[in-house]
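One letter stands for each residue in the lines below.
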Amino acid sequence: MSNQPGSSTAAETDQPEAVEPTTGDGTAVETPSGEEAAGHADEGTVTGGRPEFAPGAIVLALISVGWLAAMLWSTREAIHSTAAGVTAISLSAYALPGVIAAALVTGATVALLATNRLGRATLRFLAAVGTGLLVGLVTAVAINLTYADNATTNTIAGTAAAAAIIGGAMAGARQARVVGAITLATLTAQIFVVLFSRVRDPLSDLFGAGETQQSVLDAAKWVSRTESLLAGLLAGLAAYLYLTWSRRRAERRDGAASPLRWPAYLVAGAGAGLLLLLTEVIIRIGGRGLLDLAAALSEADEVAQTALGTSRVDNGIWVLFVGALTTLIVFGRTLGPRPVDDDEDEPAA
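Structural notes, computed from the coordinates.

Thresholds applied
Residues numbered from 1 in each chain as written. Predicted model: local features only at pLDDT ≥ 70, side-chain atom pairs only at ≥ 80, totals over all residues. Heavy atoms only, no water. Helix = DSSP H or I, 4+ residues; strand = E, 2+ residues; numbered from the N terminus. Contact = heavy atoms within 4.5 Å. Axes fitted to C-alpha atoms, helices over the stretch in contact; angles between N-to-C directions. Parallel < 35°, antiparallel > 145°, perpendicular 65-115°, else oblique. Left-handed = near helix turned anticlockwise from the far one by under 90°. Patch = residues over 30% accessible without salt bridge, like charges linked within 9 Å, V, L, I, M, F, W, Y side chains within 5 Å. Areas by Shrake-Rupley, 256 points an atom, 1.4 Å probe, with all protein chains shown as cover. Salt bridge = Lys/Arg side-chain N within 4 Å of Asp/Glu carboxyl O. Lys, Arg positive; Asp, Glu negative; His and termini not counted. Charge placed at Lys NZ, Arg CZ, Asp CG, Glu CD. Buried < 20%, exposed > 50% of the residue type's maximum accessible area, 1.4 Å probe, protein only. Core = buried A, V, L, I, M, F, W, Y, C linked by side-chain atoms within 4.5 Å.

1. Remarks on the side chain of Asn315
Mapped onto the elements, Asn315 comes out in helix α12 (residues 299-333). Excluding residues within four positions of it along the chain, Asn315 makes contact with Ser228 and Leu276.

2. Observations regarding the packing of helix α6 (residues 153-170) against helix α10 (residues 262-286)
As a packed pair, α6 and α10 sit with axes 10 Å apart at the nearest point and diverge in direction by 140 degrees. With respect to α10, the element α6 is oriented oblique. Crossing hand, α6 versus α10: right-handed. For the pair formed by α6 and α10, the contact residues are Thr155, Thr159, Ala163, Ile166 and Met170 on the first element and Leu275, Leu278, Ile282 and Gly286 on the second.

3. Looking at a positive patch on the surface
Taken together, the side chains of Arg117, Arg248, Arg249 and Arg252 define a basic patch exposed on the protein surface. Position of Arg117 among the secondary structure elements: in the loop between α4 (86-114) and α5 (121-146). On the basis of relative accessible area, Arg117 is assigned to the exposed category, the value being 66%.

4. Quick word on the nonpolar core
With 61 residues, the main nonpolar core has Ile100, Ile143, Ile156 and Leu243 as its most contacted residues. A per-element tally of this core places α4 first, with 12 residues. Discounting residues that sit within four places of it in the chain, Ile156 has contacts with Ser92, Leu96, Val99, Ile143, Tyr147 and Leu290.

Below is the structure:
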């Protein structure tokens, strides 16, 4: 029986069939459903509707606070053990980078702990900045109350407070796990540098430091490069281990965790170097007066301050690139082979 015009059978027959999108070789392309697309859009921000949680924030905060206290105490002892004036200014300039780096990380970790449960982005950022401001005020008051009353005290206190506020603002970022990884990597690199100072002299002899000034400079350059290389390696490993641990903990707690893609690992691995370079920027802006006073003491002090500034920048760049490369390599080795669709193996008709 033929289909008559206007009949329901003819209408069903005349409707065009849905055509699946294909690639250039005719292979069908799978189109994600609405729920899957929404899941991919929200990937890496929240898990199960909850704000992203950075595990171990209290441990990071305690370690960074202890590290800041140790740096402030060692700087105070060094300044108080010398006569006021010329020597105090020189020692303050040498100690300033360590204090500023510790204040920057402490502001970030304490703010991360304070905002770990907050979900709204605006509220999280404001709370993080406020926490950094509080850490900065406490640090500045502690410096003014315990340091010797000289021209360097206010510079150290003000610059440290500014660094803590900047660190707090950093903790207001959406990716809390990445911020936690960056702070852990920076703490790892800083603690390693202090421990590495114990082997500087033996390594300098190993690299050929002799009686000539040129041999001493060449050996010091190789020692500095070795320190930066190892610090970047440890920072990259620390960042990767933290991100991996946080993902596994989220899976045990919630049954699922939003995976982080390679850009997050790249930023986390490079984070320690980025913070070191940011520390140098803060020093050259907020601590410019102290550095100028130290450089004006003598021609040798001017050369030393210039060399130290260049060395800190080089160290930050080395830690940045080595840390990022280390994290990406380790992350890449954990990726399995790409799944192959069975239809792709079938020969084309």
